[in-house]
Amino acid sequence: QMQLVESGGGSVQAGDSLRLSCAASGRTFSLSPMGWFRQPPGQEREFVAAISWNGAWTLYADSVKDRFTISRNSAKNTEYLQMSNPRPGDGAVYYCAARKADRGVSDTSAEYDTWGQGTQVTVSS
């Protein structure tokens, strides 16, 4: 079983940058496709970005494309979400998630079987 722990959340001003990290332990991280989701206040959880097990494939929600970058470092068992030019609408609890090995990238939360506890991101204008 894999455990995921997010960090790096906080309060930023619109236009600043922020990097979220997700540290993995347990099941082999290097073979697992990973993703980031977020849940704004009073709203459903939504897809943000996903990355394949080897980093060759990435997928982004239209709302964050060209502003956010997902990456991973298998030597450190860590996934990242670089948030550039964040907007107030990006404020949410951000969750990292893992799929089982031998799966592809996915924007569907039900296809992820392991979740972190979440980290809060607040963006002020």
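Scroll up for the structure.
Predicted, not measured: the structure shown is a model, and the values here were computed from it. Counting from 1, residues in each chain are numbered in the order their sequence is written. Two thresholds apply to this predicted model, a pLDDT of at least 70 for residue-level local features and 80 or more for giving and counting side-chain atom pairs, whereas whole-chain, interface and lining totals are computed over all residues. Processing note: side-chain calculations cover all non-hydrogen atoms of the structure and skip hydrogens and water entirely.

Some remarks on the overall build of the protein
Next, step 1: Of regular secondary structure, the protein possesses zero helices and 11 strands.
Next, step 2: Strands are runs of DSSP state E lasting at least two residues, helices are runs of H or I lasting at least four, and both sets are numbered from the N terminus onward. Secondary structure elements of the protein occur, N-terminal to C-terminal, as β-β-β-β-β-β-β-β-β-β-β.
Next, step 3: For 125 residues, the compact-globule formula gives about 14 Å, and the C-alpha radius of gyration of the protein, at 13 Å, lands near that figure.
Next, step 4: Its C-alpha atoms put the protein at 40 × 25 × 25 Å along the principal axes. C-alpha atoms define the radius of gyration in this analysis, and the globule rule sets the expected value at 2.2 Å times the number of residues to the power 0.38.

Overview of the environment of phenylalanine 29
Next, step 1: You can see phenylalanine 29 is positioned in the loop between strand 3 (18–25) and strand 4 (34–39).
Next, step 2: Taking the C-alpha atoms as reference, phenylalanine 29 lies 13 Å from serine 71; in sequence the two are 42 residues apart.
Next, step 3: Contacts between residues were defined by any pair of non-hydrogen atoms, one from each residue, lying within 4.5 Å. If we ignore the near neighbours within four places in the chain, the residues touching phenylalanine 29 are Met2, Ala24, Met34, Arg72, Asn73, Ser74, Asn77, Thr78 and Glu79.

Regarding the sheet that holds strand 7 (residues 68–73)
Next, step 1: Two strands are said to pair when DSSP picks up at least two bridges between them. Read across the sheet, four strands follow the order 1-3-8-7 without closing on themselves; strand pairing throughout is antiparallel. This sheet does not close on itself; its edge strands, each paired only once, are strand 1 (3–7) and strand 7. Strand-to-strand twist across the sheet, computed as the mean angle between neighbouring axes with direction ignored, equals 15°.
Next, step 2: Here strand 3 pairs with strand 8 (residues 78–83) via six bridges, running antiparallel. Axis definition: a line fit to C-alpha positions, over the contact stretch in the case of helices; interaxial angles, taken between N-to-C directions, run 0 to 180 degrees.

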